[in-house]
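These are the residues of each chain, in order.
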Amino acid sequence: MAARGSETPLPFVLTRVFDAPREAVFCAFTKPESFCHWWGPKGCSVDHLRTDVRAGGMTHYARRFGNGEMMWGRAIYREVESPSRLSWVNSFSDADAGLASHAGHEGWPLQILNSVVLVEEAGKTRLTLTSTPIEASEEECRTFMDGYASMNAGWAGSFDQLEEFLREKSVLLTVSRQFDASPEAVFDAWLDAESVAQWMFSTPGGVMEKVEIAPRVGGGFEVFERRGAQLATHFGTYVEINRPRRLAFDFSTDPEQGTTRVTVDFDARDCRCFVTL
């Protein structure tokens, strides 16, 4: 944690390691259905949440405490780089998303620049939070530095809730199947559009309307099937392509609702291919 040094404050820095992929941690900051489960002190809920997570966009929210008190806040984003970095100017606010002072802490800076950097470490995610006042007076900077212990406790409590949310959300499902074909042939059937159209996400009576695949790391797929009046959509972004051993992609049916990491391993045994998903 940064220590008080001069009238120009050193940044407040806090590091935490989460037992979750960094995509999941990033989504917890940017997806409203995740954000509302952990943001803020223990014992409060997030109400009136409105999000527009992009550079220049804003999240506007209210925290409701057990006594009925509401505290408004807002975040105006400067950087949104999924899944590695997020920065925003955080402020207390009001019901109209205006700028407001801290009602319970006189002299607190009106605006604080927060940045979160996420780094993968052996299947876990190291999060580094850095906070610095902007456009603050010398008195506000001193107040900010005097509040390091309080900020450490507040963020630690929020991160405890985030850790619990990520643990409850994490579910591992494994399925295995053997095929009378070589690993190369089975692997290629996952990346060839004509082959994919014959089996992936297909249902009896369904009609494939769109199959597009860019088989490279960072590329992806879109598979749409018409099922009566419903259009079933499937999206993926490839994160690993190691022919013919492993394929990994981030999957969703709606890119706005987060993704699930899918890993497929191909293993040759007795002239057959064993696939574990």
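Here we summarise the structure given alongside this text. (Residues numbered from 1 in each chain as written. Predicted model: local features only at pLDDT ≥ 70, side-chain atom pairs only at ≥ 80, totals over all residues. Heavy atoms only, no water.)

### A word on the pattern of salt bridges
Following the criterion strictly, the structure yields 15 salt bridges and no others. With a shortest N-O distance of 2.5 Å, K210 and E222 are connected by a salt bridge. Of this pair, K210 sits in strand β10 (residues 207-213) while E222 sits in strand β11 (residues 220-227); the two residues are 12 residues apart in sequence, bridging distant segments of the chain. According to the relative accessible area criterion, K210 is partly exposed, its value standing at 26%. (Salt bridge = Lys/Arg side-chain N within 4 Å of Asp/Glu carboxyl O. Helix = DSSP H or I, 4+ residues; strand = E, 2+ residues; numbered from the N terminus. Buried < 20%, exposed > 50% of the residue type's maximum accessible area, 1.4 Å probe, protein only.)

### A closer look at helix α1 (residues 22-30)
Among the nine residues in α1, seven count as buried, and that is most of the element. Within α1, burial applies to E23, V25, F26, C27, A28, F29 and T30.

### What to know about unusual backbone geometry
Cis geometry marks the peptide bond from S82 to P83, where omega comes out at -5 degrees. Here P83 lies in the loop between β4 (70-81) and β5 (85-93). The step from R243 to P244 runs through a cis peptide bond, and the omega angle for that step is -5 degrees. Tracing the backbone through its elements, the reader meets P244 in the loop between β12 (230-242) and β13 (246-252). Positive phi, normally seen in glycine, also occurs at A97, with a value near 65 degrees. The topology assignment puts A97 in the loop between β5 and β6 (99-100). For A97, a relative accessible area of 11% puts it in the buried group.

### Focus: the side chain of T125
Along the chain, T125 falls in strand β8 (residues 124-133). In this structure T125 comes out as buried when scored by relative accessible area, which is 0%. For T125, the side chain forms a polar contact with the main-chain nitrogen of R22, separated by 2.9 Å. Aside from chain neighbours lying at most four places away, what touches T125 is R16, V17, F18, A20, P21, R22, V25, L118 and V119. (Polar contact = N/O pair within 3.5 Å; in protein donor to acceptor, adjacent residues only side chain to side chain. Contact = heavy atoms within 4.5 Å.)

### Section: the environment of H48
You can see H48 is positioned in strand β2 (residues 45-50). Separated by 90 residues in the primary sequence, H48 and E138 place their C-alpha atoms 34 Å from one another. Setting aside chain neighbours within four positions, we find H48 in contact with H60, Y61, A62, R64, M70 and W72.

### A look at the packing of aromatic side chains
With the rule as written, the count across this model stands at 25 aromatic pairs. When the centroid spacing of 5.6 Å and the interplanar angle of 90 degrees are considered together, the rings of F144 and Y148 count as edge-to-face. As far as burial versus exposure is concerned, F144 and Y148 are alike and both buried. Ring geometry for W190 versus W199: centroids 4.9 Å apart, planes at 75 degrees, classification edge-to-face. With relative accessibility at 36%, the residue W199 sits in the partly exposed group. Grouping aromatic residues by their ring pairs yields a cluster made of F18, F29, F35, W38, W39, Y61, W88, W155 and F159. Sitting over the ring of F274, R269 keeps its end group 4.4 Å from the ring centre. (Phe/Tyr/Trp six-rings, centres within 6.5 Å; stacked < 30°, edge-to-face > 60°. Lys NZ or Arg CZ within 6 Å of the ring centre and 35° of its normal.)

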